[in-house]
Amino acid sequence: MTSSDEMVQKVNFSTPRDFATTFRSDLKETFFPDDPFRQFKNEPPLRRTHKAIQYFVPIFEWLPKYTFHLFRYDFLAGITIASLAIPQGISYAKLAEVPPIIGLYSSFVPPFIYAVFGSSKYLAVGTVAASSLLIASTIREKVSPKDDPTLYLHLVFTATFFTGIFQTALGFLRLGILVDFLSHSTITGFMGGTATIICLQQLKGIFGLTHFTTKTDVVSVMRAIFSHRSEWRWESALVGVCFLAFLLFTRFLRKRNPKLFWVSAVAPMVTVIIGCTFAYFAHAEKHGIQIVGHLKKGLNPLSIKDLNFDPNYLSVAVKAGIITGILALAEGIAIGRSFALMKNDQIDGNKEMIAFGLMNIVGSFTSCYLTTGPFSKSAVNFNAGCRTAMSNIVMALCMMLTLLFLAPLFSYTPLVALSAIIMSAMLGLIDYEEAYRLFKVDKFDFCICMAAFLGVAFISMDIGLMLSVGMSIVRALLYVARPATCKLGNIPNSTLYRDVEQYPSSMEVHGILILQLGSPIYFANCTYIKERILRWIREEQAITDSKGNEVEHLLLDLSGVTCIDMTGIETLLEIRRTMEPRGIKVGIINPRREVMEKLIVSNFIEKIGKESVFLSVEEAIETCQFSLDVSKSKNELSSVNSSVTSEGA
């Protein structure tokens, strides 16, 4: 071996950083973990300004490189999603209990805004069923859409405005961490529960009912359906079943042959066209089949003057805006990331928040209600071969032509056709396979999912969401309060030390107890960590009594401890004081930089001695074994001396 191979690495006890440096570092890791401004470093001012504009307004990054070859794909994708946006816009406006034309308006202006500020190539902008129903159920608590439709519509615009403000603020303040509290399990359960109640509510349109409940829970909806059996119209039910069967058949074709995705994509538009034709020539209204009614030509009128900040209604508008805003963000960002991963692309969550926020702010000024990135439309956009956000611009231009020239043609759309379109879309959101997978993989995740599903289905949407989020937070707190600890042993014929329960063949080191702590040491878990370590000691002492191998060294591997507070430091000192009367020496292994700095400043290192801090488990074991050998030699020498003395006597 060369001398360089024998070089011994020492633990770094360098002087701790000052407060300003650590605060700046923590701030960066909290709000800028992706280091978004790295591209601006070492650039001349003009180049830096150019890159800053491209960063904050992504269209300036991809538009200069845009080609006709890319446009061909985006043009086809844009036309395809426009054919889906028209029936979905009218259908989801019905869910939100706003005029159908508002749904068409909402697919015109927001896509333009997203194309400018959005970072996803594949996301298609539009209204979504869950947010439509949630915003309606929230505002309906204060104002009835039937008794005062004008005030109700103005509050919907106001809620959309607050959604935009909230989303934009989250993006600028880099607070995307708040959206992370909506876990995958929560979203799965919430979407499933929402889809269930939306499907049941569409039975009103399927049966042609004129009276219905304003509540959203399953019990109230089913009671309303069966208590108005006298209003059931077999003609409406027959037409609805035919439309629904057609739509489900196209979805079946898409699953059997993914290349036929366009069949499922245009099916809602075909349903609307057939429905309009049928309603016009068969005079459907005379047979109890209700139609949408008049849709006026023209582009979005300004609605900025309609925003209502009356203190009597402000709280409900803010509540609706924030709740739906969080849900829309979580859904939109999750969908955008999913499609980006399929193409090995990246999207910036904070830029997406800003884009969603700006399009909802502008939308609230132009007679639009809440929009985000719906899964169905984005999936069609992706499968249609879109290459950039230009597909949203193409869709918006198609919607503009529709509003200018074709809107009145959709006046004869049967409500039963819209109900069938909504039901077919919602059935795809009830993900039984994912719920079963959660049950197999993680029972607590399954419980979180079911809390959202059952809460939404049987109580209300906001209660179901809060129940599920609450359980997720409780779980996170349990992880903090009850961190993972394990005893390490040596893997035979190696220098690796691993959990003895995970690797039963690993060998424990005689006289040395090695424990690995795998989480931050906070006031919330200090008592548990101390009690758990003492329990390990008691268990080792029980083994000692039977085998005779006394524990003389306790080694705490802190490589997984990301940070520590003063209560945690005091706990480590208490553990050391507890071990001293038992003749057990305490050492720590590989504390991270942040932890080491606090241990130095608090004089913990001075109290236990630098010789008790080790760089690796192997180094700690060697030192402790040397100490054990020296102690053993002294004991043997003392024993020999005492025997010689007794013989001489």
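Quantities reported herein were computed from a predicted structural model and do not represent experimental measurements. Within any chain, residue numbers begin from 1 and follow the written order of that chain's sequence. Per-residue local features are limited, in this predicted model, to residues with pLDDT of at least 70; the limit for side-chain atom pairs, both in listing and counting, is 80 or more; totals at the level of whole chains, interfaces and linings are taken over all residues. Where side-chain values are given, they derive from all heavy atoms of the structure, hydrogens and water being excluded.

**Topic: the environment of Pro-110**
Then, number 1: Segments assigned H or I by DSSP are reported as helices when at least four residues long, segments assigned E as strands when at least two residues long, and all are numbered from the N terminus. Secondary-structure assignment places Pro-110 in helix α6 (residues 109–117).
Then, number 2: As a C-alpha pair, Pro-110 and Leu-358 span 248 residues in sequence and 8.6 Å in three-dimensional space.
Then, number 3: Contact between two residues is taken to exist if any of their heavy atoms lie within 4.5 Å; hydrogens are not considered. Look past the residues within four positions of Pro-110 in its chain and what remains in contact with it is Tyr-105, Val-125, Met-359, Cys-368 and Thr-371.

**Details of unusual backbone geometry**
Then, number 1: With a phi close to 50°, Asn-590 is a non-glycine residue in the positive phi region.
Then, number 2: Counting through the fold element by element, Asn-590 comes out in the loop between β5 (585–589) and α24 (593–601).
Then, number 3: Unlike most non-glycine residues, Asn-603 shows phi in positive territory, near 70°.
Then, number 4: Assignment of secondary structure puts Asn-603 in the loop between α24 and α25 (604–608).
Then, number 5: Taking the relative accessible area as the measure of exposure, Asn-603 reaches 37% and is therefore partly exposed. Note on exposure labels: buried denotes an accessible area under 20% of the residue type's maximum, exposed denotes more than 50%, and partly exposed covers the range between, all computed with a 1.4 Å probe on protein chains only.

**Describing the nonpolar core**
Then, number 1: Counting residues in each nonpolar core, the largest one holds 124 residues, and the members touching the most others are Val-98, Phe-190 and Met-426.
Then, number 2: When neighbours within four sequence positions are excluded, Val-98 is seen to be in contact with Ala-93, Tyr-152, Leu-153, Val-156 and Tyr-369.
Then, number 3: The term nonpolar core refers to a set of buried residues drawn from Ala, Val, Leu, Ile, Met, Phe, Trp, Tyr and Cys, joined through side-chain atoms within 4.5 Å. Formed by 32 residues, the second largest nonpolar core is a distinct cluster that contains Cys-526, Leu-534, Val-561 and Leu-572.

**Regarding the pairing of β5**
Then, number 1: Counting buried residues along β5, four of its five residues qualify, which places the element largely inside the surrounding structure.
Then, number 2: Summarising the sheet, strand β4 (residues 553–557) and β5 pair through five bridges and their orientation is parallel. Counted as the bridge partner of Leu-555 is Gly-587 from β5.
Then, number 3: Note that the unit made of β4, helix α23 (residues 566–579) and β5 has a crossover that is right-handed. Here a strand pair is declared whenever DSSP counts at least two bridges between the two strands. Here a crossover is taken to be right-handed if, once the strands point away from the viewer, the path from the first strand over the helix to the second is traced clockwise.

**Section: the packing of helix α4 (residues 68–96) against helix α13 (residues 261–282)**
Then, number 1: Between N-to-C directions, angles span 0 to 180 degrees; the directions come from axes that are lines fitted to C-alpha atoms, helices contributing only their stretch in contact. Relative orientation of the contacting elements α4 and α13 amounts to 45°, with a least axis distance of 8 Å. Between α4 and α13, the angle is such that the two are oblique. Note on packing geometry: the crossing formed by α4 with α13 is left-handed. Within the contact between the two elements, α4 uses Thr-80, Ser-83, Leu-84, Ile-86 and Pro-87 and α13 uses Ala-265, Val-266, Pro-268, Met-269 and Val-272.
Then, number 2: Considering only residue class, the contact of α4 with α13 consists of eight nonpolar, two polar and no charged. For classification purposes, an angle smaller than 35 degrees is called roughly parallel, one larger than 145 roughly antiparallel, one from 65 to 115 roughly perpendicular, and anything else oblique. Crossing handedness follows the turn of the near helix against the far one: under a right angle anticlockwise gives a left-handed crossing, and clockwise gives a right-handed one. Residue polarity follows a fixed list, in which Ala, Val, Leu, Ile, Met, Phe, Trp, Tyr, Cys and Pro are nonpolar, Asp, Glu, Lys and Arg are charged, and the others, Gly among them, are polar.

**Here we look at the packing of aromatic side chains**
Then, number 1: Here the aromatic set is Phe, Tyr and Trp, taking the six-membered ring for Trp, and pairing holds for ring centres within 6.5 Å; pairs whose planes are under 30 degrees apart are stacked, those over 60 apart are edge-to-face, and all others are tilted. The final tally for this structure, using the stated rule, is 17 aromatic pairs.
Then, number 2: Relative to Phe-162, the ring of Phe-161 has its centre 5.7 Å away and its plane inclined at 65°; by these criteria the two rings are edge-to-face. Each member of the pair Phe-161 and Phe-162 is classed as buried.
Then, number 3: When the centroid spacing of 5.9 Å and the interplanar angle of 55° are considered together, the rings of Phe-226 and Trp-232 count as tilted.
Then, number 4: Taken together through their ring pairs, the aromatic side chains of Phe-161, Phe-162, Phe-309 and Phe-365 make up a single cluster.
Then, number 5: Over the ring of Tyr-55 we find Lys-351, and its NZ or CZ is 4.3 Å from the ring centre.
Then, number 6: Lysine and arginine charges are scored as sitting over a ring when NZ or CZ, respectively, is within 6 Å of the ring centre and within 35 degrees of the ring normal. A cation over a ring is seen here: Arg-387 above Tyr-73, with NZ or CZ 3.9 Å from the ring centre.

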